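# Results of the structural survey
The primary structure of each chain is shown beneath.
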Amino acid sequence: MTGAYPNLRLRRTRASGWSRALHRETVLTPADLIWPLFVTDGSGVEEPIGSLPGVSRWSVDGIAARAKEAVALGIPCVALFPNTQGHLRSDNGAEALNPDNLMCRAIKAIKDACSSDIGVLTDVALDPYTSHGQDGLLDASGYVVNDDTVAVLVDQAINQAEAGADVIAPSDMMDGRVRAIRMALEMGGHHNVQIMAYAAKYASAFYGPFRDAVGSGGLLKGDKKSYQMDPANAEEALREVALDLAEGADSVMVKPGLPYLDIVRRVKERFAVPVFAYQVSGEYAMIEAAAAAGAGDRDALVLETLMAFKRAGCSGVLTYHAAHAARLLGA
């Protein structure tokens, strides 16, 4: 403390808008946002997602249009998640390796429409492709096996990189997958493809609407607690981050977002690397429900929560509110 009242009045700098702007410690811009988008089959298709009001699945042509919209709004990156048709799902998730699958077609459509004006981040995990809804391969007892799953994830990552993905984002939480993917990218000549590791992904109750969006919710057998993190653990998150960085991750992610801001802060302070957070589907849905119930102003809730991520130390945020927030910030 450098003074005492009344020589020091902290309200002085809050008295007018220009002064508040001048003294603001944290800045939020559209360049801090990544827009998650859901891809579905067909042409000219928009399918609203009931549990995510205001969010839709788009066919590939619609995804390209959303990417153009993102560029116009100043959003630097989109994240893609496919809603794979039931007949293409299998126990081993083989559709993930199809070079003409939904994900690969969407990547190519965005690159054709926007070239290098926007980054494309792609999810690496098998849950959008498996008939059982788990992120990996199962043994006879139903346990998600690690090393065999990693081998498939590597092929999935290379498939996406060859389609034009800029950032590979493994969300599966298998041990050792970042190193395996990094080695394969290097050997395949994809030296500039980034890895954003879902390093601290928790077995959360906030994922329900996302599973509806990618069509895995009704398929999921059991839970994901054997590979996603226990919400009670923080030190373990630091170990996970340390391993992923050592294995070749360029950036790391904490997921979910607001309930885990303490993890974001600890990761940033410990490692001083780019840290991202995913404001997940359940968080988005709660804001929308609060606004619909008159419990808060939607615009204010959106911007305040996003500012909280930046204040905690995030380099950027994956949020379904990205386009709306960018419009508010550009107004």
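Please refer to the structure higher up on the page.
To keep things clear, this report deals only with the structure shown in the data block.

### Some thoughts on the packing of helix 4 (residues 147-163) against helix 5 (residues 177-187)
It is at 9 Å that the axes of helix 4 and helix 5 come closest, and there the two elements cross at 40°. Between helix 4 and helix 5, the interaxial angle falls into the category oblique. Of the two elements, helix 4 crosses helix 5, and the hand of that crossing is right-handed. On helix 5, the residues that touch Val-150, Leu-153, Val-154, Ala-157, Ile-158 and Ala-161 of helix 4 are Arg-177, Ala-180, Ile-181, Ala-184 and Leu-185. Grouping the amino acids of the contact of helix 4 with helix 5 by side-chain chemistry returns 10 nonpolar, no polar and 1 charged.

### Focus: the environment of Ile-195
Take Ile-195: it is sitting in strand 7 (residues 194-201). Residue classification places Ile-195 among the buried positions, given a relative accessible area of 0%. Each C-alpha atom, one on Ile-195 and one on Gly-248, is 7.5 Å from the other, the two residues being 53 residues apart in sequence. When neighbours within four sequence positions are excluded, Ile-195 is seen to be in contact with Ile-168, Pro-170, Val-178, Ile-181, Arg-182, Leu-185, Gly-248, Ala-249, Asp-250 and Ser-251.

### What to know about the pattern of salt bridges
Counted by the stated rule, this structure contains 15 salt bridges. Arg-105 serves as the salt-bridge partner of Asp-41, at 3.1 Å between the closest nitrogen and oxygen. Taken together, the positions of Asp-41 in the loop between strand 1 (33-39) and strand 2 (46-48) and Arg-105 in helix 3 (residues 102-114) put the pair 64 residues apart, joining distant regions of the chain. Of the residues examined, Arg-105 reaches a relative accessible area of 29% and is grouped as partly exposed. Several salt bridges share partner residues, and in doing so they unite Asp-127, Asp-135, Lys-201 and Lys-224 into one network.

### A word on the side chain of Glu-283
Tracing the sequence through the fold places Glu-283 in helix 9 (residues 281-292). Summary of buried charges: Glu-283 has no salt-bridge partner, and the nearest side chain of opposite charge, Lys-255, is 9.0 Å away. Separated by 2.8 Å, the side chain of Glu-283 and the backbone nitrogen of Gly-257 make a polar contact. What Glu-283 contacts, discounting residues up to four positions off in sequence, is Phe-206, Pro-256, Gly-257, Leu-258, Pro-259, Tyr-278 and Phe-309.

Rules behind the numbers
- Numbers given for residues are sequential positions, taken from 1 along each chain in its written order.
- Reporting of local features is limited, given that this is a predicted model, to residues whose pLDDT is at least 70; pairs of side-chain atoms are given and counted only at 80 or more, and all residues count toward the totals for whole chains, interfaces and linings.
- To obtain the side-chain values, all non-hydrogen atoms of the structure were included, while hydrogens and water were left out.
- Axis angles are defined between N-to-C directions and span 0 to 180 degrees, where every axis is a line fitted to C-alpha atoms and, for a helix, only to the segment in contact.
- Helix and strand assignments come from DSSP, with helices taken as H or I runs of at least 4 residues and strands as E runs of at least 2, each series counted from the N terminus.
- Roughly parallel refers to an angle under 35 degrees, roughly antiparallel to one over 145, roughly perpendicular to one between 65 and 115, and oblique to any angle outside these ranges.
- Crossing handedness is read from the near helix: turned anticlockwise from the far helix by less than a right angle, it gives a left-handed crossing, and turned clockwise, a right-handed one.
- Note on contacts: a residue pair is in contact if any heavy atoms of the two residues lie within 4.5 Å.
- Polar here means any residue other than Ala, Val, Leu, Ile, Met, Phe, Trp, Tyr, Cys and Pro, which are nonpolar, and Asp, Glu, Lys and Arg, which are charged; Gly is therefore polar.
- Think of it in three bands: residues with accessible area under 20% of the maximum for their type are buried, residues over 50% are exposed, and the middle band is partly exposed, with areas taken using a 1.4 Å probe on protein chains only.
- A pair is scored as a salt bridge if a Lys or Arg side-chain nitrogen falls within 4 Å of a carboxyl oxygen belonging to Asp or Glu.
- Charged residues are defined narrowly, with Lys and Arg counted positive, Asp and Glu counted negative, and His plus the chain ends left uncounted.
- In protein, a polar contact means a hydrogen-donor-capable atom and an acceptor-capable atom, both N or O and within 3.5 Å, with residues adjacent in sequence counting only if both atoms are side-chain atoms; elsewhere, any N or O pair within 3.5 Å suffices.

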